[in-house]
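# Examining the three-dimensional arrangement
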Amino acid sequence: MSARRTGGSGNHPAGRRTALASSVIGAVVVALDGTVLTIAQPTLQRELHASFAEAQWTSTAYLIAVASLLVFAGRLGDRYGHQRLFAIGMSGFGAASAGIGFASGVGWVIALRAVQGVFGALLQPATLGMLRAAYPPDRLGMPIALRTSAIGVAAAAGPLVGGVLVTQLGWRAVFFLNVVPALVLGVLAAVVRAPGPRRSSEAGHGRLDLPGAALLAVSLACLVYTLVGVPEHGWSPSAAAALLTATGAGLVLLRHERRTADPLLPYDVLGSGVVGAALGILVAASAAMFGTLFVASYVLQDELGMDPLRTSLAALPGGAAMVLGAPVAAVLQRRYGARRTTVAGLVMLALGVSVLFRAAGAGPVGGGFMLLGAGFATVMVTATAVVVRHVPAGSAGVAGGLQQTAMNVGPVLGVATTAALAAVTDGPRTALPVLAGTALVGVLAARKLPVAGDGMATPAGSLRHHGGSNA
């Protein structure tokens, strides 16, 4: 394929606009769903006469389902087309949301949340895979930044939207909120084809690595189950068994992937030190970010005496910094390279955590959240761009699945670490220095990221395959 066609549908403005709009709206729907649910859970628990554990499983069931299937869903997108998987995922996500809204008991809610997680796993890697197919590698930074900004808007608006809906219409309204946009977007993705070259025939060759997918699913599901359960129930026999199972399945998976002819995690992804470093940075940064948000909610309300509304207002500078900082991060990455930009983001993130550790008034709290949001947006944009850009387009779905997996496991790890430390110390605030250190650990991994001048490098073979993953 000539260099002029390496951008996939990127040579067609309409194709780029379609991919970008689908990626942004799809990411917003998923992000908004997660944030509004946290507001609705207490009311859901009360009206459905559920226990606290059952209410928590409305989140845990979704998280386990989505985390365990993301990478395999990305491989399906590489094989059958990301736009096709996006259409199926969005339609199923909307239908499951409607089912939850009509659920008669908490058991149905939990089951349908797991179903929703399956469809969420189908659509999330596709939101990045479509961008990889639509844009040349050296022009991915700004689309990813716009996607990140939109997620920031959803995260900031979610608690407010959820509070209004639950107060005025009840908990079911937060699920009905997703139905129309998800179904409309799913139908449009199914019937409107972005112009561009046909998928490479190589995407359809070889067998799907079902044993590898099963091993990865078991490993991630058991890991997430352990991380979610230990802070609440301690090291029970079931948690220990789950962790051992996760470790064993992970080791068998690595052995299997090295030997199979058609691995789920191809060598151009699994063997890339650059991609591995970027994924590790995403885990560290998201653990620090969401662990800090978990701590901050308790510190602001229990120690500083703020009510929930004042707590939300105090955190708004973080959301604003994330929205505004993402496009700036794309510009900085292009000028100074991924390594310097990522290090700067990690340092800002650590400083934000440190400021919140010592904050005792509204001004320092707002400043801490601002640093937190700006730093996290910078890391998310640069590390995500590295992950997506430094693999051939034929593996873009797997790369997107790994990025989404990191962004799901990191927050669970951060909250679990925070809860565990709070249980053995004087309170949750004492976990903040550890979370700041977690962010700074990412600086070590950032040494493997590209510097200015080679940050736009395209991996070997991507010119040959680029455009092959577009639906």
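Predicted, not measured: the structure shown is a model, and the values here were computed from it.

Attention now moves to the overall build of the protein chain. Each helix and strand counted, the protein chain has 15 helices and 0 strands in total. Sequence separation of 24 or more characterises 86% of the internal contacts of the protein chain that already satisfy a separation of 6 or more. For the protein chain, the accessible area works out to roughly 18,900 Å², and carbon and sulfur atoms hold 67% of it.

The subject of this paragraph is the confidence of the model for the protein chain. Low-pLDDT stretches of the model should not have their predicted coordinates read in fine detail. Across the protein chain, the average pLDDT comes to 81, with 87% of residues at or above 70. Note on residues 195–204: pLDDT is under 50 here. Beyond four places in sequence and across chains, it has 24 contacts. Taken as a whole, residues 455–471 scores under 50 in pLDDT and shows 60 contacts with residues more than four places along the chain or in a different chain.

Further remarks concern the packing of helix α10 (residues 273–303) against helix α14 (residues 432–446). It is the contact of α10 with α14, at a shortest axis distance of 9 Å, that shows an interaxial angle of 165°. Here α10 lies roughly antiparallel to α14, going by the angle between them. Classified by chirality, the crossing of α14 by α10 is left-handed. Residues Ala277, Ile281, Ala284, Ala287, Ala288, Gly291, Thr292 and Val295 of α10 lie in contact with α14, whose contacting residues are Leu432, Leu435, Thr438, Ala439, Gly442, Ala445 and Ala446.

Among the structural elements, proline 411 can be located in helix α13 (residues 396–424). Along the primary structure proline 411 and alanine 284 are separated by 127 residues, whereas in three dimensions their C-alpha atoms are 8.9 Å apart. If sequence neighbours within four positions are ignored, proline 411 has contacts with Ser286, Ala287, Phe290 and Ala406.

On the secondary structure map, leucine 48 appears in the loop between α1 (13–47) and α2 (52–80). The class of leucine 48 is buried, set by a relative accessible area of 13%. As for leucine 48 and serine 104, which are separated by 56 residues in sequence, their C-alpha atoms are 7.8 Å apart. Apart from the residues within four sequence positions on either side, leucine 48 is in contact with Ser104, Gly105, Val106, Val109, Trp171 and Arg172.

In this section: a nonpolar patch on the surface. A contiguous nonpolar surface patch, about 520 Å² in accessible area, is contributed by Val180, Val184, Val187, Leu188, Val191 and Val192. Residue placement: valine 191 occurs in helix α6 (residues 173–191).

Here we come to the packing of aromatic side chains. Tallied over the full model, the rule gives 4 aromatic pairs. A centroid spacing of 5.1 Å and a plane angle of 65° characterise the contact between phenylalanine 102 and phenylalanine 176, whose relative ring orientation is edge-to-face. Of this pair, phenylalanine 102 sits in the loop between α3 (82–101) and α4 (106–134) while phenylalanine 176 sits in helix α6, placing them 74 residues apart in sequence. Assessed through its relative accessible area of 66%, phenylalanine 102 is described here as exposed. The interplanar angle of 85° and the centroid separation of 6.1 Å between the aromatic rings of tryptophan 171 and phenylalanine 175 together place this pair among those described as edge-to-face. The exposure class of tryptophan 171 is buried, given its relative accessible area of 1%.

This next bit is on the packing of α2 against α3. Relative orientation of the contacting elements α2 and α3 amounts to 150°, with a least axis distance of 8 Å. Comparing their axes, α3 and α2 come out roughly antiparallel. Contacts from Tyr62, Ala73, Gly74, Leu76, Gly77, Asp78 and Tyr80 of α2 reach α3 at His82, Arg84, Leu85 and Phe93. Taken together, the residues that form the contact of α2 with α3 break down as 6 nonpolar, 3 polar and 2 charged.

What follows covers the pattern of salt bridges. Evaluated as defined, the whole model comprises 2 salt bridges. The salt bridge partner of arginine 75 is aspartate 78, with a shortest N-O separation of 3.2 Å. Of this pair, arginine 75 and aspartate 78 both sit in helix α2, 3 residues apart, roughly one helical turn. The buried category is assigned to arginine 75, whose relative accessible area is 15%.

Attention now moves to the nonpolar core. Core analysis: the largest hydrophobic core is formed by 125 residues, its most contacted members being Phe86, Trp171, Leu349, Phe376 and Leu449. Ignoring sequence-local partners within four residues, the contact set of phenylalanine 376 consists of Ala285, Ser286, Met289, Phe290, Met322, Leu349 and Met407.

Our focus in this paragraph is the side chain of glutamine 41. Note on placement: glutamine 41 falls in helix α1. Of the residues examined, glutamine 41 reaches a relative accessible area of 10% and is grouped as buried. Only 3.0 Å separates the side chain of glutamine 41 from the side chain of threonine 58, close enough to count as a polar contact. With near-sequence residues (within four places) excluded, glutamine 41 lies in contact with Ala55, Gln56, Thr58 and Ser59.

Structurally, threonine 405 is set in helix α13. Owing to a relative accessible area of 8%, threonine 405 belongs among the buried residues under this scheme. Polar side-chain contacts of threonine 405 include one of 2.7 Å to the backbone oxygen of glycine 401. Excluding anything up to four places from it in sequence, threonine 405 contacts Ala67, Leu70, Val71 and Leu220.

Reading guide: rules and limits
Residues numbered from 1 in each chain as written. Predicted model: local features only at pLDDT ≥ 70, side-chain atom pairs only at ≥ 80, totals over all residues. Heavy atoms only, no water. Helix = DSSP H or I, 4+ residues; strand = E, 2+ residues; numbered from the N terminus. Contact = heavy atoms within 4.5 Å. Areas by Shrake-Rupley, 256 points an atom, 1.4 Å probe, with all protein chains shown as cover. pLDDT = per-residue confidence, 0-100. Axes fitted to C-alpha atoms, helices over the stretch in contact; angles between N-to-C directions. Parallel < 35°, antiparallel > 145°, perpendicular 65-115°, else oblique. Left-handed = near helix turned anticlockwise from the far one by under 90°. Buried < 20%, exposed > 50% of the residue type's maximum accessible area, 1.4 Å probe, protein only. Patch = residues over 30% accessible without salt bridge, like charges linked within 9 Å, V, L, I, M, F, W, Y side chains within 5 Å. Salt bridge = Lys/Arg side-chain N within 4 Å of Asp/Glu carboxyl O. Phe/Tyr/Trp six-rings, centres within 6.5 Å; stacked < 30°, edge-to-face > 60°. Nonpolar A, V, L, I, M, F, W, Y, C, P; charged D, E, K, R; others polar. Core = buried A, V, L, I, M, F, W, Y, C linked by side-chain atoms within 4.5 Å. Polar contact = N/O pair within 3.5 Å; in protein donor to acceptor, adjacent residues only side chain to side chain.

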